[in-house]
Each structure stands twice: as C-alpha cells, then as structure tokens.
Amino acid sequence: MDTPHFTGIPPYITLLSKMEEMQQQMQSIHDELKDLPKEIEVTLADELNSRGIGHTEFFTNKLENQLDAMSRKMDEQYKNRTEGLNSTLNNVQEQL
C-alpha cells in the first residue's frame, strides 16, 4: 500500500513546492524556446544563401547555365551545317 511518509510538513506545502519547481522548469524551457524561431530563421537563411537559393546568385547561375547550354547547341548546329556545306562544296568541286 501507498502510505504517506510523515515528515511533519503539511502535504499542501510539499505540493506547493513541487508546483513551484515545475513552474521554474517550465519558465526555463519557455525562455530557451523563445529564441528558437529566430535561430531557425537565421540558420535557414544562411543555408539557403550558401546554396544560392532565393538570392540573385541563384538566378544568375541559372541564366549562365541556360546560356552555356544554348551556346553549346548553337556551336553544334554550326558545325553540322558547315560540315554539310563543306561536303557539298567538295562534291561540286569534284564535278567541275
């Protein structure tokens, strides 16, 4: 059985003491968590900036990549056309 341990201190004082202890713990947890959203925001912003997302660097990189791809495609098309023209020119010269 659960028999109370007699200490000479009234039970409401013991309960009040435990409640105050819990209040202090809750307050310390609240104080710790109060700054958490700002810390998360700063950490997230730093991480996104380091990766260039949400920043002009992201759009600049994206544009540079698209321009590089277009440039490579144009170079390839130019080479294909000049090769075709060269072969046509060679055929014409052979016929003359």
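Residues numbered from 1 in each chain as written. Predicted model: local features only at pLDDT ≥ 70, side-chain atom pairs only at ≥ 80, totals over all residues. Heavy atoms only, no water.

Undergrad: It is not clear to me how the overall build of the protein should be interpreted in this structure. Could you clarify?
TA: A count of helices and strands for the protein gives 3 helices and 0 strands. For the protein, the succession of helices and strands along the chain, N to C, is α-α-α. Relative to a compact globule of 96 residues, whose C-alpha radius of gyration would be 12 Å, the protein shows 38 Å and is clearly more extended. C-alpha atoms of the protein, sized along the principal axes, occupy 125 × 35 × 10 Å. Counting the 96 residues in the protein, one finds 1% classified as buried. Approximately 9,600 Å² of the protein is accessible, and the part contributed by carbon and sulfur atoms is 58%. (Helix = DSSP H or I, 4+ residues; strand = E, 2+ residues; numbered from the N terminus. Rg over C-alpha atoms; globule rule 2.2 N^0.38 Å. Buried < 20%, exposed > 50% of the residue type's maximum accessible area, 1.4 Å probe, protein only. Areas by Shrake-Rupley, 256 points an atom, 1.4 Å probe, with all protein chains shown as cover.)

Undergrad: I keep staring at a negative patch on the surface and nothing clicks. Help me out?
TA: On the surface, a cluster of negative charge is contributed by Asp31, Glu32, Asp35 and Glu39. Within the secondary structure, Asp31 is located in helix H1 (residues 11–34). Of the residues examined, Asp31 reaches a relative accessible area of 36% and is grouped as partly exposed. (Patch = residues over 30% accessible without salt bridge, like charges linked within 9 Å, V, L, I, M, F, W, Y side chains within 5 Å. Salt bridge = Lys/Arg side-chain N within 4 Å of Asp/Glu carboxyl O. Lys, Arg positive; Asp, Glu negative; His and termini not counted. Charge placed at Lys NZ, Arg CZ, Asp CG, Glu CD.)

Undergrad: Explain the environment of Ser28 here, please?
TA: Checked against the element boundaries, Ser28 lands in helix H1. Spatially, the C-alpha atoms of Ser28 and Thr43 are 23 Å apart, while their sequence positions differ by 15 residues.

Undergrad: When you look at a nonpolar patch on the surface in this model, what are you seeing that I'm missing?
TA: Among the surface-exposed residues, Ile29, Leu33, Leu36 and Ile40 lie close enough to one another that they form a single nonpolar patch of about 360 Å² accessible area. One can find Ile40 in helix H2 (residues 36–51).

Undergrad: What is the right way to read the confidence of the model for the protein from this model?
TA: Predicted coordinates in regions of low pLDDT should not be interpreted in detail. For the protein, the mean per-residue pLDDT works out to 82, and 91% of the residues sit at or above 70. Looking over the protein, one finds the lowest element-wise mean pLDDT in helix H3 (residues 56–95), namely 81, and the highest in H1, namely 89. (pLDDT = per-residue confidence, 0-100.)

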